[in-house]
Amino acid sequence: MNRKILIVDDDREIANLIDIYLKNEGYATDKAHDGEEAIERLAQEPFDLIVLDVMMPKMDGLEACRRIRAEREIPILMVSAKAEDMDKILGLMTGADDYLIKPFNPLELLARVKSLLRRSYLFGQSAAAAASPAPAEGILTVGPLRINKLTHSVEAAGNPIHLTSTEFGILYLLANNPGRVFSAEEIFQQVWGEKYFESNNTVMVHISKLRDKLEQELGDKLIATVWGVGYKIDA
């Protein structure tokens, strides 16, 4: 089954261009032109990924992202003409998995989409497909935390912790290498599968969100910072 992507942008010309790029790569697509319409589409059918503009009428992309995140872990690629670091941080803190600045190269857009889908859905399984039971070797245990790689699920004492695909990737990387310190560059290269650039604060923002979710459930941030070096989960 082809991955299905929802394109949300009030600029119909840009939405149509993104639509062409994605269809040329074999993806199925649908379009919405404001946040309210996007949420309505999501309620009607499943999607594997959302390309979400920030500045839109009725409901902007930030508010739409917050509402989507309250119910779903679907990957979100946020796109915006706002290029300041704080704009990117705000987008990521709102719940986006990645942030792409307009105008963008079509090849970069496609690379980000493929990276998000690769991290999110294993073994060709689509978002609409039912998950299969995972074998025991696909499960990590860290204290009360149970991390299932094959279903991308995390539980603490039987209670689910809802993580985005990016947050899950970071958690699994650290938990699978207890005691090892990973720099932000190493985390980015292994989880995102892309080259890391200096001043890239994407990892920091996602780790902050991940820690908040873990602390809310465990009472412990779990991920330790080794100042000047990186991050780890103790054995």
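Criteria and thresholds
- Residues numbered from 1 in each chain as written.
- Predicted model: local features only at pLDDT ≥ 70, side-chain atom pairs only at ≥ 80, totals over all residues.
- Heavy atoms only, no water.
- UniProt positions renumbered as here; feature names shortened; annotations may be inferred.
- Pairing = 2+ DSSP bridges.
- Helix = DSSP H or I, 4+ residues; strand = E, 2+ residues; numbered from the N terminus.
- Axes fitted to C-alpha atoms, helices over the stretch in contact; angles between N-to-C directions.
- Contact = heavy atoms within 4.5 Å.
- Salt bridge = Lys/Arg side-chain N within 4 Å of Asp/Glu carboxyl O.
- Buried < 20%, exposed > 50% of the residue type's maximum accessible area, 1.4 Å probe, protein only.
- Core = buried A, V, L, I, M, F, W, Y, C linked by side-chain atoms within 4.5 Å.
- Phe/Tyr/Trp six-rings, centres within 6.5 Å; stacked < 30°, edge-to-face > 60°.
- Domains from an automatic or database assignment.
- Polar contact = N/O pair within 3.5 Å; in protein donor to acceptor, adjacent residues only side chain to side chain.
- Nonpolar A, V, L, I, M, F, W, Y, C, P; charged D, E, K, R; others polar.

Identification of the protein as Response regulator transcription factor from Cohnella nanjingensis is taken from an unreviewed UniProt entry. Turning to the protein, the UniProt annotation filed under Subcellular location (unreviewed entry) states: "Cytoplasm".

## Considerations on the sheet that holds strand β5 (residues 98-101)
If you trace the 5 strands from one edge of the open sheet to the other, you get β2-β1-β3-β4-β5, paired in parallel fashion. The strands lining the two open edges of the sheet, one partner per strand, are β2 (28-32) and β5. On average, each strand axis in the sheet is inclined to that of its neighbour by 20°, with strand direction left out of account. The sheet contact formed by strand β1 (residues 4-8) and strand β3 (residues 49-53) spans 4 bridges and is parallel. Along β3, the bridge assignment pairs Ile5 with Leu49. Contacting β3 and β4 (76-80), helix α3 (residues 61-69) runs over the sheet at an angle of about 170° to β4.

## Some words on the pattern of salt bridges
Under the counting rule described, the total for this entry stands at 17 salt bridges. A salt bridge links Asp30 to Arg41; the shortest N-O distance between them is 3.0 Å. Of the two residues, Asp30 is situated in strand β2 and Arg41 in helix α2 (residues 35-44); the sequence distance between them amounts to 11 residues. The class for Asp30 is partly exposed, based on a relative accessible area of 22%. When salt bridges that share partners are traced, they join Asp9, Asp53 and Lys102 into one network.

## A look at the side chain of Thr202
Looking at where Thr202 falls in the secondary structure, it is placed in helix α8 (residues 202-218). By relative accessible area, which is 1% here, Thr202 ends up buried. Discounting chain neighbours no more than four positions away, the residues touching Thr202 are Lys88, Leu92, Phe188 and Trp192.

## Focus: the nonpolar core
Core analysis: the biggest nonpolar cluster contains 29 residues, and Leu145, Ile147, Leu171 and Ile187 have the highest contact counts within it. Elements represented by at least two residues in this core include exactly β6 (139-142), β7 (145-148), β8 (153-156), α6 (165-175), α7 (184-192), α8 and β11 (230-233). Examining the composition of this core, we find that 7 residues originate from one element, α6, more than from any other. Apart from residues no more than four positions distant in its own chain, Ile187 is found in contact with Ile170, Leu173, Leu174, Phe182, Trp192, Val203, Ile207 and Tyr231. Ranked by size, the runner-up nonpolar core spans 23 residues in total, among them Ile50, Ala64, Cys65 and Ile89.

## With respect to the packing of aromatic side chains
The final tally for this structure, using the stated rule, is 2 aromatic pairs. Residues Phe188 and Trp192 carry aromatic rings whose centres are separated by 4.8 Å and whose planes lie at 10° to one another, so their mutual orientation is stacked. Residue Phe188 and its partner Trp192 are both found in helix α7; the two are separated by 4 residues, about one turn of the helix. Across the pair, exposure class does not vary: Phe188 and Trp192 are buried alike.

## Details of the domain arrangement of the protein
Segmentation of the protein into domains returns domain 1 (4-125) and domain 2 (139-233). On a C-alpha basis, the centroid separation for the pair domain 1 and domain 2 is 23 Å. Listed as interface residues are 22 residues of domain 1 and, on the opposing side, 19 residues of domain 2. Our count for the domain 1 to domain 2 interface comes out at 0 salt bridges. One can count 6 residue pairs in polar contact (both at pLDDT 80 or more) joining domain 1 with domain 2. Counting residues per element, the ones that place at least two in the side of domain 1 that touches domain 2 are α4 (85-94) and α5 (106-120). The biggest single contributor to the side of domain 1 that touches domain 2 is α5, with 7 residues. Here the residues of the side of domain 1 that touches domain 2 sort into 9 nonpolar, 4 polar and 9 charged.

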